Number of protein chains: 2
Amino acid sequence: METLKQKIIEEGKVLSNTVLKVDSFLNHQMDPVLMKQIGEEFANRFRDMGVTKVLTVESSGIGPALLTALEMGVPMIFARKRKSLTLTEDLITSTVRSFTKQETNEVTISSDFIKEGDNVLIIDDFLAVGQAAMGLIDIVQKAGANPVGVGIVIEKSFQDGHQIVADTGIKLESLAKIASLEDGKVQFVNEGNHQS
Amino acid sequence: METLKQKIIEEGKVLSNTVLKVDSFLNHQMDPVLMKQIGEEFANRFRDMGVTKVLTVESSGIGPALLTALEMGVPMIFARKRKSLTLTEDLITSTVRSFTKQETNEVTISSDFIKEGDNVLIIDDFLAVGQAAMGLIDIVQKAGANPVGVGIVIEKSFQDGHQIVADTGIKLESLAKIASLEDGKVQFVNEGNHQS
């Protein structure tokens, strides 16, 4: 997705060989027009999968997931990282380790909103070591539903997450694939013109 | 906003005299079409305020705030409840006590995204005791910017928040105002037809 790659080049800050900061348009400040384009792009890529729900995890996934859900005409659910007082019903939980934040969270949804028969599209802002995506896949499967796709805004293709998710056989689409952050420079995976 | 009130009546669950659960369309599952209507409504109500940024706090505020920002053609910023490893620059912080979760958080933004001269519209999902809204107003003022409005999806008008925010003189607009949750029933503030 060319607009997104351009934005990463212009505004992304490489903090180390593994950490890319995109706080000006995705993780802290959000560019609503770009989020809408991202939603349209995910909707196109997963159009024929019979998606009935979009699932993400708070907080940075909510923007892309919501605009994907709007475009697809289905509800969006965001998994919680902590239990809330008003989440009183049956919970489905998985454990997720965050690569960036170096901490382990319980990720939780209410069983009210994802049911057997649902075709769930999982959306997240980053794919690094794959823990968040695998946690969400686990939740969908525990709910008896079908994880039909994983849509990622920015994939760090030099880390293990891509392979781990691909090995599940679930369709994986990443809008920007980063081959390397070495020497403070963003290099994208060369996908040829047909997929850029 | 009639659509929102209808949704609250149909799907809201009154957990106590002070707690209303709207997890099926706002706080856990999100209804994207309703979020879009909410964004349009806030954009209309604050159209003439010269808004340059929309500010909310993670996580439930992100949906309404993002779609308001999209409609107004300005960026959205979500304040963080914890410090993240990739937020390395100058931070502006305020302390917020959550009524629902009974806990105190540091709420933080990067000083990169709200500057002197910005006219900031604050959006949040609930107004109860007013702590979150006041924390966000505090952050905007610490940044040297101008808080021009506070837009709330659901106001619990029987708690202190409305008065506390109104006393600042900042324009406050709440899309659904709840007069009472007593006896397990949602009663709205009677605003007459012209404001419903």
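Residues numbered from 1 in each chain as written. Chains lettered and ligands numbered in written order. Predicted model: local features only at pLDDT ≥ 70, side-chain atom pairs only at ≥ 80, totals over all residues. Heavy atoms only, no water.

Asks: Can you tell me about the sheet that holds strand 9 (residues 146-156) of chain B, naming the residues and giving the values?
Replies: Read from one edge to the other, the open sheet built from seven strands follows the order 3(A)-5(B)-4(B)-8(B)-9(B)-10(B)-11(B), with strand pairing classed as mixed. The strands lining the two open edges of the sheet, one partner per strand, are strand 3 (29-30) of chain A together with strand 11 (187-188) of chain B. Pairing between strand 8 (residues 119-127) of chain B and strand 9 of chain B: eight bridges, direction parallel. Pairing of B:Asn119 across the sheet is with B:Asn146, part of strand 9 of chain B. (Pairing = 2+ DSSP bridges. Helix = DSSP H or I, 4+ residues; strand = E, 2+ residues; numbered from the N terminus.)

Asks: Give a description of the relation of the copies chain B and chain A that names residues and reports values.
Replies: The two copies are related by a screw operation: chain B maps onto chain A through 180° of rotation and 0.0 Å of translation along the axis, at an RMSD of 0.0 Å. Interpreted geometrically, this transformation is the action of a two-fold axis. When C-alpha distances to the rotation axis are compared across chain B, the minimum falls at B:Ser59, with a value of 2.8 Å. An overlap of 100% is found between the interface residues of chain B and their copies at the interface of chain A, pointing to a shared contact surface. (Least-squares fit on C-alpha atoms with pLDDT ≥ 70 in both. Contact = heavy atoms within 4.5 Å.)

Asks: So, the interface of chain B and chain A: which residues are in play, and what are the values?
Replies: The partner chain A presents 50 residues to the 50 residues of chain B that form the contact. With both chains or domains summed, chain B and chain A bury close to 3,900 Å², and 61% of this area falls on carbon and sulfur atoms. Put simply, chain B and chain A have zero salt bridges between them. When residues of the side of chain B that touches chain A are traced back to their parent elements, those giving at least two are strand 3 (29-30), helix 2 (32-45), helix 3 (62-72), strand 5 (76-79) and strand 7 (103-110) of chain B. Element by element, the count of residues in the side of chain B that touches chain A is highest for helix 3 of chain B, at six residues. Considered class by class, the residues forming the side of chain B that touches chain A number 22 nonpolar, 15 polar and 13 charged. (Buried area = accessible area lost by both parts, 1.4 Å probe. Salt bridge = Lys/Arg side-chain N within 4 Å of Asp/Glu carboxyl O. Nonpolar A, V, L, I, M, F, W, Y, C, P; charged D, E, K, R; others polar.)

Asks: Before we move on, can you summarise helix 1 (residues 2-11) of chain A with the specific residues and values?
Replies: Residue and element names in this part refer to chain A. For helix 1, the set of buried residues is Leu4, Lys5, Lys7 and Ile8. Take helix 1 and look down its axis: the buried residues cluster within an arc of 160°, on one side only. Lining the buried residues of helix 1 we find strand 2 (20-21), helix 2 (32-45), strand 9 (146-156), strand 10 (171-180) and strand 11 (187-188). (Buried < 20%, exposed > 50% of the residue type's maximum accessible area, 1.4 Å probe, protein only. Arc of directions from axis to C-beta.)

Asks: Would you mind going over the nonpolar core in detail, with residue names and values included?
Replies: Of all hydrophobic cores here, the largest spans 72 residues; its most connected members are A:Leu4 and B:Leu4. Setting aside chain neighbours within four positions, we find A:Leu4 in contact with A:Phe25, A:Leu34, A:Ile38, A:Val153, A:Leu175 and A:Ala176. (Core = buried A, V, L, I, M, F, W, Y, C linked by side-chain atoms within 4.5 Å.)

Asks: I'd like to hear about the pairing of strand 4 (residues 53-57) of chain B, residue by residue, with values.
Replies: Residue and element names in this part refer to chain B. Of all five residues making up strand 4, five are buried, and the element is well covered by its neighbours. Side chains Lys53, Leu55 and Val57 project from strand 4 onto one buried face, and the interleaved Val54 and Thr56 project onto a second face that is buried too. Pairing of strand 4 with strand 8 involves three bridges; the strand directions are parallel. Residue pairing for strand 8: Leu55 is matched across the bridge by Ile122. Note: strand 4 against strand 5, four bridges, orientation parallel. Bridging from a neighbouring strand, Val54 pairs with Met76 of strand 5.

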